[in-house]
Every structure is written in structure tokens, then in C-alpha cells.
Amino acid sequence: MPANLTPDYLAAERRFREATTTAQKVAALQEMLAVIPKHKGTDHLRGDLKRRLARLRQELQQRRSHGGREALFLIERHGAGQIALLGTPSSGKSSLLAALTNAQPQIADYPFTTQHPQPGMMPYKDVQIQLVDTPPLTADFMEPWLADLTRRADAVAIVVDLATDDALEQVQAVREQLARRHLLVGRPAARDAQDEHATRCPALIVGNKMDLPGAPDRLAVLRDLLAGDLTVLGVSSLTGEGLERLRTALFDLLGLVRVYTKVPGRKPDLDTPYILSAGSTVLDLAGLVHKDLQRQLKSARIWGGPDSPSPAGSAKYPGQAVERDHILADGDVIELHR
Ligand SMILES: Nc1nc2c(ncn2[C@@H]2O[C@H](COP(=O)(O)OP(=O)(O)OP(=O)(O)O)[C@@H](O)[C@H]2O)c(=O)[nH]1
Ligand SMILES: [Mg+2]
């Protein structure tokens, strides 16, 4: 046994021994290699670790190429929209899911706790938004199915750990892993123009662990670095700080409007909104209500709703007559006439 093995190394080695999955073993071995003192006395051990790492990575790859389990990792969509929580190990993705929804994911102070995607429904006003907790990714490892899951989601929240000084690197790790799979977040970079297969994902950054010392300063720095690129919100999954603002930002990220229908002469149904993407028209709404109605639609009247951006929603005055191509605003109440 070579001398000088540090406590960090021994802790990583313990995690390796306790690992129950190949992904956990790979993560622990990577860490052991990262922290092992580099001198003659450890040459042999380092060689051995590298061989084991290569073997395990190959094993993971083979298992994946046989497919089969992939379907398990796709989460059926529910609610107004689906948002994937992505981030590096221990940033607090599972804690955030637990804080915003009724889901009870496994949370622990060791990395690679989460192995499978887990959904939870986040109530926001009168809609439900589906959040999906995912296993961590690092600069050199990402579960292959995670790209598919992300592509199917409507948006991405990148959760970063503000307890450490590498918040920007955490963002970069996620961003680069996604970019390798043609998924782009934030402000387009010059090189993105060369990627003809690129898909843009609406995204924001969640700076987590704001309750810890130094986190507010790190948040300010990260905001500066990402200004004009990605919005950064500071939260604490532990104390609940910033979570209300985050709920609103997540809803806004989806680019949706909630509109309510009204039968002539009756009160509007304010219980269940129709949910459409921003920019949808009165005609789009008619199509959601009924295909026949869309064909027969003659006119519509519009009122402001309970949470309209302006008190009268997109109506200039209550009951305003509008054309079929009128663009709906969040909170509008519409009466459709055939
Ligand atoms: N102080 C503080 N600790 C937090 C906060 N959020 C999470 N933690 C702690 O950070 C550790 C990791 O939390 P998880 O929610 O398991 O992190 P994760 O990103 O899901 O981790 P992986 O599944 O391994 O990627 C746990 O010990 C949590 O208790 C927070 O807002 N403040
Ligand atoms: Mg987790």
C-alpha cells in the first residue's frame, strides 16, 4: 500500500466500495484518480485505477447499446409543460424537486445519488408544471438517455451549487454536454451557427444553497458572467428562499398563456384554463375547444382575466370584439361565437 493517501482519496475509495451501480463506481474511480497524489509510489495504483475505470466505462457502454432499459428513462408528460432539472453531482436537483413538488426523491450528501429520472408536479397558480429530477452529469460523463429526455422536455433548469467556487464550470459542464448532443441553451455562440442539427432549449440557471456563507457573492458573480446570456435565480431548497420567484420564472420559461372560456350570457369558467403557447390566436383556442367550432367561428369577445398582465388582459375594454387572429394574453377570458 503506497504511503500518502489523503483523506479525500480514502473517502472516494470508500464510496467506490459502497457503490451499488456501475455509474457510481465510475464516478468514485474518477474522483480517486483526480485526488490521488501523483508520485512514483502511486504509479502502480494509478495504472490499476485507470484500467478498472476503462473496463467499467466499457461495461456501461455495452449495456446501453443493448438498449432495453432506455424506455424506463422517458417520463410521460403531464400538466402544462415539462422541465428537466439538470446539473453536476450534489448541486441539489433532488432537493429542489422535493421543495417544489410532492415528490420524495432520494437526497444525500454523496454524489451520484440519483440514478433514474423522477417526475413531480409543481403547482403554479391554476396550472401544474412537471419537473423531472435527473442523475448528475459531469464534464466527461452524461447518461446517454438524458439527452433524449432533455430533447423531449419543454425547457431546462440548470441547478448549480453556490457552496463551491466553480459555479461557472458547473454551467459550462452542462452546456457542453448538451451542445455535444446538439442541444443549445442561452445566447447563441458563433460556433452554434455551424451546427445544422441544433435545437434550442429554453433554459435558466438555479443557483442553489443560498443559505450557505459566500453563496450570495457567488450568485452576483455568476449573474455578471452570464448577463445577457442566461437568467440566474438564487434559491435555497433548504430554507425556501427564492422559491416563489423561481416558480414564476419556470412558468414564464415555458412561454405559455392561460385563457378561460365563457358561454354567452354566463359567468366565465375560471376553474380550468386552456393552455396555449404564447402567440396563439383566438382561432387556435377555438381549435382546442372543438374542431367544429374552429371551422364555424364567426367572432369573439374578450375580457381581462384574474391574472392578466394588464387589468383588462389583451382587451382594450371588457367585452371587446376581436378578430380570429387576435393574439391571446395570459389571463384572457374569451367568448367564442359561431
Ligand atoms: N445548505 C444547503 N444544502 C442543500 C441545499 N440543497 C441541497 N442541499 C444538500 O446538498 C446535498 C446534495 O443534495 P441532493 O438534492 O441530493 O443533490 P443532487 O443534485 O440531487 O445530487 P445527485 O443526485 O447526486 O446529482 C444534500 O446533502 C442536501 O441536503 C440547500 O439549499 N442548502
Ligand atoms: Mg439527486
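Conventions we followed
- Residues numbered from 1 in each chain as written.
- Chains lettered and ligands numbered in written order.
- Predicted model: local features only at pLDDT ≥ 70, side-chain atom pairs only at ≥ 80, totals over all residues.
- Helix = DSSP H or I, 4+ residues; strand = E, 2+ residues; numbered from the N terminus.
- Buried ≥ 20, exposed ≤ 12 C-beta atoms within 10 Å, placed from the backbone.
- Contact = placed C-beta atoms within 7 Å.
- Arc of directions from axis to C-beta.
- Near = placed C-beta within 6 Å.
- Nonpolar A, V, L, I, M, F, W, Y, C, P; charged D, E, K, R; others polar.
- Core = buried A, V, L, I, M, F, W, Y, C linked by C-beta atoms within 7 Å.
- Domains from an automatic or database assignment.
- Axes fitted to C-alpha atoms, helices over the stretch in contact; angles between N-to-C directions.
- Parallel < 35°, antiparallel > 145°, perpendicular 65-115°, else oblique.
- Left-handed = near helix turned anticlockwise from the far one by under 90°.
- Pairing = 2+ DSSP bridges.

Engineer: Outline the overall build of the protein chain, listing residues and values.
Structural biologist: Scanning the protein chain from terminus to terminus reveals 10 helices and 13 strands. When each of the 338 residues of the protein chain is scored for burial, the buried share is 36%. Look at the contacts in the protein chain between residues 6 or more apart in sequence, and 60% of them connect residues 24 or more apart.

Engineer: Which residues make up helix 9 (residues 282-289), and what are the values?
Structural biologist: Within helix 9, the full set of buried residues consists of Val282, Leu285 and Ala286. Down the axis of helix 9, the sector holding all buried residues measures 100 degrees, keeping them to one side. Among the structural elements, strand 9 (256-262), strand 10 (274-277), helix 10 (291-296), strand 11 (299-303), strand 12 (320-322) and strand 13 (333-337) are those in contact with the buried residues of helix 9.

Engineer: Provide a residue-level description of the site of ligand 1, including the pertinent values.
Structural biologist: Residues in contact with ligand 1 amount to 23 residues; listed here are only the nearest, Gly92, Ser94, Ser95, Thr114 and Pro136. Top contributing element to the shell around ligand 1 by residue count: helix 4 (residues 93-100), with 3 residues. A per-class count over the shell around ligand 1 returns 8 nonpolar, 11 polar and 4 charged.

Engineer: Describe the nonpolar core, and please don't skip the residues or the numbers.
Structural biologist: One recurring pattern in soluble globular proteins is that nonpolar side chains are buried together. Within the largest apolar cluster, 65 residues are counted, with the highest numbers of intra-cluster contacts made by Ile83, Leu85, Ile129, Val156, Ala157, Ile158 and Val206. Ranked by the residues each element gives to this core, the list is headed by strand 4 (residues 155-161), at 6 residues. The two domains that each donate at least three residues to this core are domain 2 (70-253) and domain 3 (257-337). With 8 residues, the next largest nonpolar core counts Val26, Ala27, Ala28 and Ile36 among its residues.

Engineer: Mind laying out helix 8 (residues 243-253), listing which residues take part and the relevant values?
Structural biologist: Of the positions making up helix 8, those classed as buried are Leu246, Leu250, Phe251 and Leu253. All buried residues of helix 8 fall inside an arc of 160 degrees around its axis, so they share one side. Facing away from the buried surface of helix 8 by more than 90 degrees, the exposed residues are Glu244, Arg245 and Thr248. On its buried side, helix 8 packs onto strand 1 (82-86), strand 2 (118-124), strand 3 (127-133), strand 4, strand 7 (203-208) and strand 8 (232-234). With its phi angle positive at about 60 degrees, Gly255 sits one or two positions after the end of helix 8.

Engineer: Which residues make up the packing of helix 1 (residues 7-18) against helix 2 (residues 22-35), and what values go with them?
Structural biologist: Running from N to C, helix 1 and helix 2 point in directions that differ by 165 degrees, and their axes come no closer than 8 Å. The angle between helix 1 and helix 2 places the two elements in the roughly antiparallel class. Considering the relative orientation of helix 1 and helix 2, their crossing is left-handed. Note on element contacts: helix 2 touches helix 1 through Lys25, Ala28, Leu29, Glu31, Met32 and Val35, opposite Asp8, Tyr9, Ala12, Glu13, Arg15 and Phe16. When its residues are assigned to classes, the contact of helix 1 with helix 2 shows 7 nonpolar, no polar and 5 charged.

Engineer: Before we move on, can you summarise the domain arrangement of the protein chain with the specific residues and values?
Structural biologist: A common way to express how large an interface is: the accessible area buried when the components associate. Each assigned domain of the protein chain is listed here: domain 1 (7-65), domain 2 (70-253) and domain 3 (257-337). Centre-to-centre separation of domain 1 and domain 2, based on C-alpha positions: 27 Å. A per-element tally of the side of domain 1 that touches domain 2 places helix 2 first, with 4 residues. For the side of domain 1 that touches domain 2, the class distribution of residues is 3 nonpolar, 2 polar and 2 charged.

Engineer: Could you give an account of the sheet that holds strand 3, naming the residues involved and the relevant values?
Structural biologist: Spatial strand order, 2-3-1-4-7-8: 6 strands in an open sheet with mixed pairing. Looking along the sheet, the strands with just one partner apiece sit at the ends: strand 2 and strand 8. Neighbouring strand axes in the sheet, compared pairwise and without regard to direction, differ in orientation by 30 degrees on average. The sheet contact formed by strand 1 and strand 3 spans 4 bridges and is parallel. Paired with Ile83 across the strands is Leu131, a residue of strand 3.

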